[in-house]
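Chain residues, written in single-letter form:
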Amino acid sequence: ASVEMSSPAAASSYWRVAGYSYLKYSNMCAEMVRSALKPAAKESAKIREAVYFRSAKWANGQAEQNVITDLTDGAAGKLG
């Protein structure tokens, strides 16, 4: 059975052979696409890439303190 190079099965082998997880591979691809955008579109894409998460410290079955963390500060370009 021959696998065409543009098929999903062939594409998945490239990132696996390179030693990347799918998440790391997709982040690298997204970063490359964003870097190729024109300036106006690049600013729009930068706004959409903001990542936040909320965590809480728990004690005695109750949430004591909620913490909202912005993961975009200083995270640009860190894929390794």
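Summarised in this report is the structure supplied together with it. Model, not experiment: these values are computed from the prediction.

## What to know about the environment of Arg54
Line of reasoning, step 1. By the element assignment, Arg54 lies in strand E1 (residues 52–59).
Line of reasoning, step 2. Owing to a relative accessible area of 63%, Arg54 belongs among the exposed residues under this scheme.
Line of reasoning, step 3. Between the alpha carbons of Arg54 and Val67 there is a distance of 5.6 Å; along the sequence they are 13 residues apart.

## Considerations on the packing of aromatic side chains
Line of reasoning, step 1. Counting across every chain of the model gives one aromatic pair.
Line of reasoning, step 2. Each ring, one from Tyr22 and one from Tyr25, has its centre 6.3 Å from the other, and the planes form 45 degrees; the classification is tilted. Placement of both Tyr22 and Tyr25 in helix H2 (residues 22–35) is noted, with a separation of three residues, approximately one turn of the helix.
Line of reasoning, step 3. Given a relative accessible area of 29%, Tyr25 falls into the partly exposed group.

## Observations regarding the pairing of strand E2 (residues 62–70)
Along any regular strand, the residues point their side chains to alternate faces of the sheet.
Line of reasoning, step 1. Here E1 runs beside E2; their pairing, made up of eight bridges, is antiparallel. Paired with Lys57 across the strands is Gln65, a residue of E2.
Line of reasoning, step 2. Linkage of E1 to E2, two consecutive antiparallel strands, is achieved through a turn of two residues, within which Asn60 is found at a positive phi near 55 degrees.

## Here's the deal with the environment of Asn66
Line of reasoning, step 1. Locating Asn66 in the fold gives a position in strand E2.
Line of reasoning, step 2. Not counting the four nearest positions on each side in its chain, Asn66 is found in contact with Arg54, Ser55 and Ala56.

Definitions and limits used
- The residue numbers shown here count from 1 along each chain, following its written sequence.
- Where local features are concerned, this predicted model is filtered to residues with pLDDT of at least 70; where side-chain atom pairs are given and counted, the filter is 80 or more; whole-chain, interface and lining totals use all residues.
- The basis for the side-chain values is all heavy atoms of the structure; hydrogens and waters are excluded.
- For helices the rule is a DSSP run of H or I covering at least 4 residues; for strands it is a run of E covering at least 2, with both sets numbered from the N terminus onward.
- The rule is simple: take the accessible area with a 1.4 Å probe, protein chains only, and divide by the maximum for that residue type; under 20% is buried, over 50% is exposed, in between is partly exposed.
- Aromatic contacts are taken between Phe, Tyr and Trp rings whose centres are within 6.5 Å, Trp giving its six-membered ring; a plane angle under 30 degrees counts as stacked, one over 60 as edge-to-face, and the others as tilted.
- Two strands make a pair as long as DSSP finds a minimum of two bridges between them.
- When checking whether two residues touch, look at their non-hydrogen atoms; a contact exists if any pair is within 4.5 Å.

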